[in-house]
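So you can see what is in the structure, the chains are spelled out below.
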Amino acid sequence: IFLSLQQDVIAGFLYAILILVVFHPVVDLIDNFNLTYRYAPLIIITFEMTAVEKIEEQLASLRIAKRSALSEEPAYLLDIDVSKPVQSESSRSVAVCCSSKSIRVYNRDTLNLLREYSSHPGILNGVRFAHTCDSMVFSACSDGTVKCWDIRLATQKAVQIFSGYPSNVFISFDINCNDFIICAGTEKVAKDTFLVFWDARGTTNCASTTKEPLGVYSESHNDDITRISFHPVEPNLVVSGSTDGLVNVFDIKKDNEDDALISTCNSDSSVSFIGWSGKDYKQVYCMTHDEGFCWWDIAQLDTEEPITLLHVLDVRDRVCIENDSLHYLVGGLYHAKADKLFLIGGTFTGNIHLISCATDGLSLVGTLSRGHSATVRSFCWNLTDESLLTGGEDAQLLLWKPGAVERSLTKKTSLKSASSVQRRVRVHNSSSKSRKQ
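Residues numbered from 1 in each chain as written. Predicted model: local features only at pLDDT ≥ 70, side-chain atom pairs only at ≥ 80, totals over all residues. Heavy atoms only, no water.

Here's the deal with the overall build of the protein
Thought 1: Along its length, the protein carries three helices and 29 strands.
Thought 2: Within the protein, buried positions represent 50% of all 437 residues.
Thought 3: Long-range pairs, those at least 24 residues apart, make up 51% of the contacts in the protein with a sequence separation of at least 6. (Helix = DSSP H or I, 4+ residues; strand = E, 2+ residues; numbered from the N terminus. Buried < 20%, exposed > 50% of the residue type's maximum accessible area, 1.4 Å probe, protein only. Contact = heavy atoms within 4.5 Å.)

Remarks on the side chain of serine 378
Thought 1: With respect to the element layout, serine 378 can be found in strand 27 (residues 376-382).
Thought 2: What makes serine 378 buried here is its relative accessible area of 3%.
Thought 3: A polar side-chain atom of serine 378 sits 2.9 Å from the main-chain carbonyl oxygen of leucine 77.
Thought 4: Every residue in contact with serine 378, bar those within four places of it in the chain, is listed here: Leu77, Leu78, Asp79, Ile80, Val330, Leu389, Thr390 and Gly391. (Polar contact = N/O pair within 3.5 Å; in protein donor to acceptor, adjacent residues only side chain to side chain.)

Section: the nonpolar core
Thought 1: Judged by nonpolar contacts, the single largest core of 39 residues is most densely connected at Phe293, Val315 and Leu362.
Thought 2: Considering every element that reaches this core, the biggest residue donor is strand 23 (residues 328-335), with five residues.
Thought 3: The residues contacting phenylalanine 293, other than those within four sequence positions of it, are Tyr285, Cys286, Met287, Leu310, His311, Val312, Val315, Leu341, Leu343, Cys357 and Leu362.
Thought 4: Membership of the second largest hydrophobic core comes to 18 residues, among which are Cys133, Met136, Val146 and Ile182. (Core = buried A, V, L, I, M, F, W, Y, C linked by side-chain atoms within 4.5 Å.)

Section: the side chain of serine 242
Thought 1: Note that serine 242 resides in strand 16 (residues 237-242).
Thought 2: At 3.0 Å, the side chain of serine 242 forms a polar contact with the backbone nitrogen of aspartate 244.
Thought 3: When near neighbours in sequence (up to four residues on either side) are disregarded, serine 242 contacts His221, Asp223, Asp224, Ile225, Thr226, Ser269, Ser270 and Val271.

Side note on unusual backbone geometry
Thought 1: Phi is positive for lysine 101, close to 65 degrees, though the residue is something other than glycine.
Thought 2: Mapped onto the secondary structure, lysine 101 falls in the loop between strand 3 (93-98) and strand 4 (102-107).
Thought 3: If you check the backbone angles, aspartate 339 has positive phi at about 50 degrees while not being a glycine.

Comments concerning the environment of glutamate 219
Thought 1: For glutamate 219, the position within the fold is in the loop between strand 14 (215-217) and strand 15 (225-230).
Thought 2: What makes glutamate 219 exposed here is its relative accessible area of 62%.
Thought 3: Along the chain, glutamate 219 and leucine 195 lie 24 residues apart, while their C-alpha atoms are 9.4 Å from each other.
Thought 4: Side chain to side chain, glutamate 219 and serine 218 meet in a polar contact 3.4 Å long.

A short note on the pattern of salt bridges
Between side chains of opposite charge, a pair can form when the charged atoms approach closely.
Thought 1: Taken as a whole, this structure holds eleven salt bridges when the rule is applied.
Thought 2: Residue aspartate 150 pairs with arginine 152 through a salt bridge whose shortest N-O separation is 2.7 Å.
Thought 3: Relative accessible area serves as the criterion here: at 2%, aspartate 150 is assigned to the buried category.
Thought 4: Under the relative-accessibility criterion, arginine 152 is labelled exposed at 53%.
Thought 5: Three or more residues joined by partner-sharing salt bridges are found here, namely Asp79, Arg128 and Asp174. (Salt bridge = Lys/Arg side-chain N within 4 Å of Asp/Glu carboxyl O.)

So, the confidence of the model for the protein
Thought 1: Confidence in the prediction for the protein averages 85 pLDDT; 78% of positions are at 70 or higher.
Thought 2: Note on residues 416-435: pLDDT under 50 across the span, and 47 contacts to partners over four residues away in sequence or across chains. (pLDDT = per-residue confidence, 0-100.)

A closer look at the environment of alanine 395
Thought 1: Residue placement: alanine 395 occurs in the loop between strand 28 (387-392) and strand 29 (397-402).
Thought 2: Residues alanine 395 and tyrosine 76, spaced 319 residues apart in sequence, show a C-alpha to C-alpha distance of 5.2 Å.

Here we look at the sheet that holds strand 23
Thought 1: Here four strands make up an open sheet; going across it, the order is 23-24-25-26 and the pairing antiparallel. The sheet terminates laterally at strand 23 and strand 26 (361-368), the two strands that pair on one side only. In this sheet, neighbouring strand axes are inclined to one another by 25 degrees on average, regardless of whether the strands run parallel or antiparallel.
Thought 2: Looking at chain direction, strand 23 and strand 24 (residues 340-346) are connected through seven bridges and run antiparallel. Bridge assignment links leucine 333 to a residue of strand 24, and that residue is phenylalanine 342. (Pairing = 2+ DSSP bridges. Axes fitted to C-alpha atoms, helices over the stretch in contact; angles between N-to-C directions.)

Some words on the UniProt feature "repeat: WD" (unreviewed entry) in the protein
Thought 1: The UniProt feature table records "repeat: WD" (unreviewed entry) at residues 117-152, 218-260 and 369-401.
Thought 2: Its end C-alpha atoms 13 Å apart, residues 369-401 is made of 0% helix and 55% strand. (UniProt positions renumbered as here; feature names shortened; annotations may be inferred.)

Things to note about the packing of aromatic side chains
Each aromatic ring pair is specified by the distance between its two centres and by the angle formed by the two planes.
Thought 1: Tallied over the entire structure, the rule returns twelve aromatic pairs.
Thought 2: Relative to phenylalanine 379, the ring of phenylalanine 273 has its centre 6.3 Å away and its plane inclined at 25 degrees; by these criteria the two rings are stacked. Of the two residues, phenylalanine 273 is situated in strand 19 (residues 271-277) and phenylalanine 379 in strand 27; the sequence distance between them amounts to 106 residues. The pair formed by phenylalanine 273 and phenylalanine 379 is uniform in burial state, with each residue classed as buried. (Phe/Tyr/Trp six-rings, centres within 6.5 Å; stacked < 30°, edge-to-face > 60°.)

Examining the sheet that holds strand 11 (residues 181-186)
Thought 1: Spatial strand order, 10-11-12-14: four strands in an open sheet with antiparallel pairing. Each edge of the open sheet carries a strand with a single partner, namely strand 10 (170-175) and strand 14. When strand polarity is set aside, the average angle formed by the axes of neighbouring strands in this sheet is 25 degrees.
Thought 2: With five bridges joining them, strand 10 and strand 11 adopt antiparallel strand pairing. Residue pairing in the sheet places serine 172 in a bridge with glycine 185 of strand 11.

As structure tokens, this is what we get:
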């Protein structure tokens, strides 16, 4: 035994020497290259640009892989979310919020309809899967509730209901990354508008119960709260957007609303979409109902640097599209691997434009055509296989993949002859509350 131990020690010593002899010169060579070679930073940047260009090529090469069958009751597809598989072998599902006051659940690979949940008479606003349980799907409802369904159960009944206060009409919501907290935003009633919070823990036990709110924020917005988005990895951070033009970032760990409000940014118009971007997701961006775009770096709040990365009053005037046009914005997606933010817009005839964002401006990456025949209202990006799901006013749910080939390219007709439903547009002046621009 002693002899064997002695041999192991000698072998380990020789292995350590081998590592020093072989790898140490290489490390020194890399360090010297970075310190002495004048073009080293340019080469590093070139590698990074190549990664971004590769992602842009993948986006531009998206083609239709699957198309859902048209439902017996066609409806606008207003929001889309994809389940996060808790186990690698579990199949993924797609939930779609429809204008017919229902949630439809599809198989993600085949786009076959699996379930449909109705919420008459309330209007459903938004749809989200839980992050830690891929069978739980949530939606906010205009009847003053957030409902949760278990897609494993063949029942129309919600397994849990999160009730608001009597006057609440919810038009936006989100659930944080650890599934502990739900937050919903209300329409303005009289002079009141609220962010309402609930404890979401315990929703996976299939107990049909009703939960009361933990509390509300009521001072930070003065009009309809149109969008809510929790931070992708920090469960205590949430950003909200409103028709008052304000985009507020909160740290809900704080004891009260005043302390929780980290920053207030002013978009100068009614907010239609918000999201997080940048390394460690320290940036916030928004789109407005009159097709404006704002992008802020929250990491600069405690510095002398300006936090505004880009502010475009009307994206339609800033993006050049040959032989086509840009009619509206749908939303944004942040590609974490490439550290790149993209916008998604389109035309009233169904073309989808992918737009790259940089601090010096916006540029067209590519156009997805021959898919939708009317305004695109929703999308969901899947980073795992670089695929895109889109839903529109033509009642179609489409799955796009790089280089895919669809067997049938029959284009469905629109549900209507005119363009999209007109949304309210409220332009606000810059005198609204703004801590740092």
